[in-house]
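Observations on the model geometry
As a plain string of letters, each chain reads:
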Amino acid sequence: MTVRVAHGPTATAHGVPVGYAHDRAGAETAAVNTVQALTQAGQGRIPMSAVEHAVIARDPGPGLRRSLGIGADRAPGRDVVNLVPAAVSMVEFSSSAARVSVWTVAVSRSSISDGDPASVITAWATHSVSLVWEAGDWKVKELTSQTGPTPEQSVAPGAQSPLSGALESGYYSFYIN
């Protein structure tokens, strides 16, 4: 499938967005889409092998390897987790590497056991995504995640908060289902 978006993706490979511009916005978009692809693979909605082949660097770091292991060989279930970016910021950038902070909210709908009513849960997290320019595209080298901050904690973020730096504007998202 061909996609035309200013900074990418330009295509999908087995349900995973690929083909990003060799610029800051391309790296930011690749980071967001990789976090979302890992979430989908973690639910068994796309194969983790497709994510690995499409957007993971040759030698992933330990945090990213843990994330890849979570969704390996997972069968799709009835539960749904959608991860939505709330804010994106560029922490470091060069033509060969980038580090992007992605603040997300996850919305989950599931039942604890069959016959129970479904519950909806939201969870906030910040993902630090390190990318490298490899094989003509942005590939993720490392990923670490931490809980929060929640919107209540972000009103006056401290200097260590991922929200204390400049945030990117003009973010667009679309579903690949």
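It should be emphasised that the depicted structure is a prediction, and the values quoted were computed from it without experimental measurement.

What follows covers the overall build of the chain. Each helix and strand counted, the chain has three helices and six strands in total. Reading the secondary structure of the chain in the N-to-C direction produces β-β-α-α-α-β-β-β-β. For the chain, buried positions account for 42% of its 177 residues. Counting contacts in the chain only where the partners sit at least 6 residues apart, residues at least 24 apart contribute 55% of the total.

Moving on, we come to the packing of helix α1 (residues 24–42) against helix α2 (residues 48–55). Where α1 contacts α2, the axes come no closer than 9 Å and their chain directions differ by 160 degrees. Our classification of the angle between α1 and α2 gives roughly antiparallel. At the point where α1 passes α2, the crossing takes the left-handed sense. Of the residues in α2, those touching α1 at T34, A37, L38, A41 and G42 are M48, V51 and V55.

In this structure, the amide linkage connecting G8 to the following residue, P9, adopts the cis form with an omega of 5 degrees. With respect to the helices, strands and loops of the structure, P9 is situated in the segment before β1 (11–13). That bond from G148 to P149 is cis: its omega, -5 degrees, falls within 30 degrees of zero. Mapping P149 onto the fold places it in the segment after β6 (137–147). Its identity is not glycine, yet H14 carries a phi of approximately 55 degrees, on the positive side.

Moving on, we get to the environment of A21. The residue A21 is located in the loop between β2 (16–18) and α1 in this model. The spatial distance from the C-alpha of A21 to the C-alpha of V5 is 9.6 Å, given a sequence separation of 16 residues. Ignoring sequence-local partners within four residues, the contact set of A21 consists of H7, G26, A27, W133 and W138.

Attention now goes to helix α3 (residues 62–70). Every buried residue of α3 is accounted for by G63, L64 and L68. End-on, the buried residues of α3 take up no more than an arc of 140 degrees, which puts them together on one face. Of the residues in α3, the exposed ones pointing more than 90 degrees away from the buried face are R66 and I70.

A separate point is the sheet that holds strand β5 (residues 119–134). Ordered by their spatial adjacency, four strands build an open sheet running β3-β4-β5-β6, and the pairing between neighbours is antiparallel. Edge positions in the sheet fall to β3 (80–93) and β6, since each of these pairs with one other strand and no more. Ignoring strand direction, the axes of neighbouring strands in this sheet form an average angle of 25 degrees. Its contacts with the sheet place α1 against β3, β4 (97–110), β5 and β6, and it is angled at close to 150 degrees to β3.

When pLDDT is averaged along the chain, the result is 87, and 90% of the positions lie at 70 or above. Between the elements of the chain, mean pLDDT differs from a low of 90, seen in β3, to a high of 97, seen in β6.

Moving on, we get to the nonpolar core. Counting 32 residues, the largest nonpolar core has V16, V51, V129 and L131 as its most contacted members. Here the element with the most residues in this core is α1; it accounts for eight residues. Ignoring any residue separated from it by four or fewer positions in sequence, one finds V51 in contact with V16, A37, L38, A41, I46 and I56.

Enumeration according to the criterion identifies three salt bridges in this entry. Between R58 and E134 there is a salt bridge, with the nearest N and O atoms lying 3.8 Å from each other. Here the residue R58 occupies a position in the loop between α2 and α3, and E134 occupies one in strand β5, the gap between them amounting to 76 residues. A relative accessible area of 70% places R58 in the exposed class. In this structure, the salt-bridge partner of E92 is R99, at a minimum N-O distance of 2.7 Å. A relative accessible area of 45% means that E92 is categorised as partly exposed.

What counts and what doesn't
- Residues numbered from 1 in each chain as written.
- Predicted model: local features only at pLDDT ≥ 70, side-chain atom pairs only at ≥ 80, totals over all residues.
- Heavy atoms only, no water.
- Helix = DSSP H or I, 4+ residues; strand = E, 2+ residues; numbered from the N terminus.
- Buried < 20%, exposed > 50% of the residue type's maximum accessible area, 1.4 Å probe, protein only.
- Contact = heavy atoms within 4.5 Å.
- Axes fitted to C-alpha atoms, helices over the stretch in contact; angles between N-to-C directions.
- Parallel < 35°, antiparallel > 145°, perpendicular 65-115°, else oblique.
- Left-handed = near helix turned anticlockwise from the far one by under 90°.
- Arc of directions from axis to C-beta.
- Pairing = 2+ DSSP bridges.
- pLDDT = per-residue confidence, 0-100.
- Core = buried A, V, L, I, M, F, W, Y, C linked by side-chain atoms within 4.5 Å.
- Salt bridge = Lys/Arg side-chain N within 4 Å of Asp/Glu carboxyl O.

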